[in-house]
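# Structure at a glance
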Amino acid sequence: MDYQSEQDMELEALEAILMDDLIEYDGNLPSGWVAAGKTYKVIIAPEDEDGSSAGDYPLKAELLFAHTPQYPEAPPSIKLRSVTGLSDADLAEATGLLDEQVQANLGMAMIYTLIGAAKEWIQGRVNSGPAEDPELERRKAEEAAERKRAEARAHGTPVTVEAFAAWKARYDAEVAAAKAKAAESLKDDDKAKRLTGRAWFLRQAAEGVAAIDDEAGLLSEDDEEDFDAEEAAGELEDGDEEEGDEDDIDYEDDDDEGMLDEL
């Protein structure tokens, strides 16, 4: 078989049928791509009832193909890629269908048959229900969520009777807990600061001893340890009595001496 002649005749037929829909492809080729000549692409899209392509429908693919050296007795190189609206699972399903067509048409020119099978598959997807681009749907959901957040920021959260009552209950509980904690803290401080009568007296006596020691240096550390609070109190009372005696001194003799001098 003259493979080159078979391939040239098929390309001429495809150009006559597809016209501008047959596009020479000059982009990056898939890994392991084998081509005896040029690589072409055809846009696969659903068709309206009049047979025209629904260019605005969000479900399209492109079919890359190239003749291999021994085509049509050997399979051509083909690759179906999503333009919009098709997931990896969709492409895997459609590619499996095209592989079946390749095996069924070995030995014959099959490119136009493969293009027709791809269009039939995508049309079936349209008839089964509206298809949405997953990426488009994700963007729509994000935009809707952002609009909702913006509205909430602009207008605030609406206050209802139930919402206010719930907030008031939480607030009152927090205030009561804070007051109870503060009261408990004050109570603990009072217990720490409160002294018994004996403890207060001993502390006052110790402070008096420390003052005497600082001013006169009369008590040593051992004296401080042996210091008895009751003895200190007794000494203070004796001192008061001595001061009282001084106040009772009779100054009549001094007055008499003054009168004699005048005479």
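Conventions we followed
- The residue numbers shown here count from 1 along each chain, following its written sequence.
- Thresholds applied to this predicted model are a pLDDT of at least 70 for local features of residues and 80 or more for the giving and counting of side-chain atom pairs; totals over whole chains, interfaces and linings are not thresholded and use all residues.
- Excluding hydrogens and water, the side-chain values take into account all heavy atoms of the structure.
- Helical segments are the DSSP runs of H or I of at least four residues, strand segments are the runs of E of at least two, and each set is numbered from the N terminus.
- For each residue, the accessible area found with a 1.4 Å probe, counting protein chains only, is set against the maximum for its type, and the residue is called buried under 20%, exposed over 50%, and partly exposed in between.
- What sets the accessible areas is the Shrake-Rupley method with a 1.4 Å probe; for residues, cover comes only from the shown protein chains.
- Stacked, tilted and edge-to-face are the three classes applied to pairs of Phe, Tyr and Trp rings, where Trp contributes its six-membered ring and a pair requires centres within 6.5 Å; stacked means planes under 30 degrees apart, edge-to-face means over 60, and tilted covers the rest.
- Angular values range over 0 to 180 degrees, each being the angle between N-to-C directions of two axes fitted as lines to C-alpha atoms, with helices fitted over their stretch in contact.
- The cut-offs work like this: below 35 degrees is roughly parallel, past 145 is roughly antiparallel, 65 to 115 is roughly perpendicular, and the gaps in between are oblique.
- We call two residues in contact whenever any of their non-hydrogen atoms come within 4.5 Å of each other.
- In this count, Pro and Cys sit with the nonpolar residues alongside Ala, Val, Leu, Ile, Met, Phe, Trp and Tyr, while Asp, Glu, Lys and Arg are called charged and the others, Gly among them, polar.
- Strand pairing is defined by DSSP finding a minimum of two bridges between the two strands.
- Salt-bridge detection follows one rule: a side-chain nitrogen of Lys or Arg within 4 Å of a carboxyl oxygen of Asp or Glu.
- Take the number of residues in a helix, subtract one, and multiply by 1.5 Å to get its expected span.

Looking at an unreviewed UniProt entry, the protein carries the name RWD domain-containing protein, with the source organism given as Gonium pectorale.

## Describing the overall build of the protein
Assigned secondary structure in the protein consists of 9 helices and 4 strands. Within the protein, buried positions represent 22% of all 263 residues. Summed over its atoms, the accessible surface of the protein is roughly 19000 Å², and 51% of this surface lies on carbon and sulfur atoms.

## Overview of the packing of aromatic side chains
Considering all chains together, one arrives at 3 aromatic pairs under this definition. Seen from their ring centres, F164 and W167 are 5.7 Å apart, and the 35° between their planes marks the pair as tilted. Residue F164 and its partner W167 are located together in helix α5 (residues 161–193), separated by 3 residues, close to a single helical turn. Taking 5.4 Å as the distance between ring centres and 15° as the angle between the ring planes, the aromatic pair formed by W167 and Y171 counts as stacked.

## Some remarks on unusual backbone geometry
That bond from Y71 to P72 is cis: its omega, 15°, falls within 30 degrees of zero. For M19, which is not a glycine, the phi torsion comes out positive at approximately 55°. Assignment of secondary structure puts M19 in the loop between α1 (3–18) and β1 (23–24). When its relative accessible area of 58% is taken as the criterion, M19 is described as exposed.

## Re the packing of α1 against helix α3 (residues 111–127)
Where α1 meets α3, the closest approach of the two axes is 10 Å, and the angle between their N-to-C directions is 40°. What the angle tells us is that α1 and α3 run oblique. Here α1 contributes E10, L14, I17 and L18 to the contact with α3, which in turn contributes I111, Y112 and I115. For the contact of α1 with α3, the per-class residue count stands at 6 nonpolar, no polar and 1 charged.

## Thoughts on the sheet that holds strand β4 (residues 77–84)
Taken together, 4 strands build an open sheet; the order of strands is β1-β2-β3-β4 and the sheet is antiparallel. Strands with a single pairing partner mark the edges of an open sheet, and in this sheet they are β1 and β4. Where strand β3 (residues 60–66) and β4 come together, 7 bridges link them in antiparallel fashion. Across the sheet, F65 pairs through a bridge with I78, a residue of β4. The strands touched by helix α2 (residues 88–104) are β3 and β4; relative to β4, the strand with the most contacts, the crossing angle is about 150°.

## Let's talk about the pairing of β3
Most of β3 is tucked away: 7 of the 7 residues are buried. Inspection of the sheet shows strand β2 (residues 40–44) paired to β3 by 5 bridges, in the antiparallel sense. Its bridge partner being in β3, I44 is matched across the sheet by A61.

## Structural notes on the pattern of salt bridges
Applying the stated criterion across every chain yields a total of 5 salt bridges. Note that E62 is salt-bridged to K41, the shortest N-O span being 3.7 Å. Placement of E62 in strand β3 and of K41 in strand β2 is noted, with a sequence separation of 21 residues between them. The same class applies to E62 as to K41, namely buried. In this structure, the salt-bridge partner of E62 is R81, at a minimum N-O distance of 3.0 Å. In this pair, E62 sits in strand β3 while R81 sits in strand β4, placing the two residues 19 residues apart along the sequence.

## Here we look at α2
Between the first and last C-alpha of α2 there are 25 Å, a value that for 17 residues agrees with the 24 Å anticipated at 1.5 Å per step. The secondary structure elements touched by the buried residues of α2 are β3, β4 and α3.

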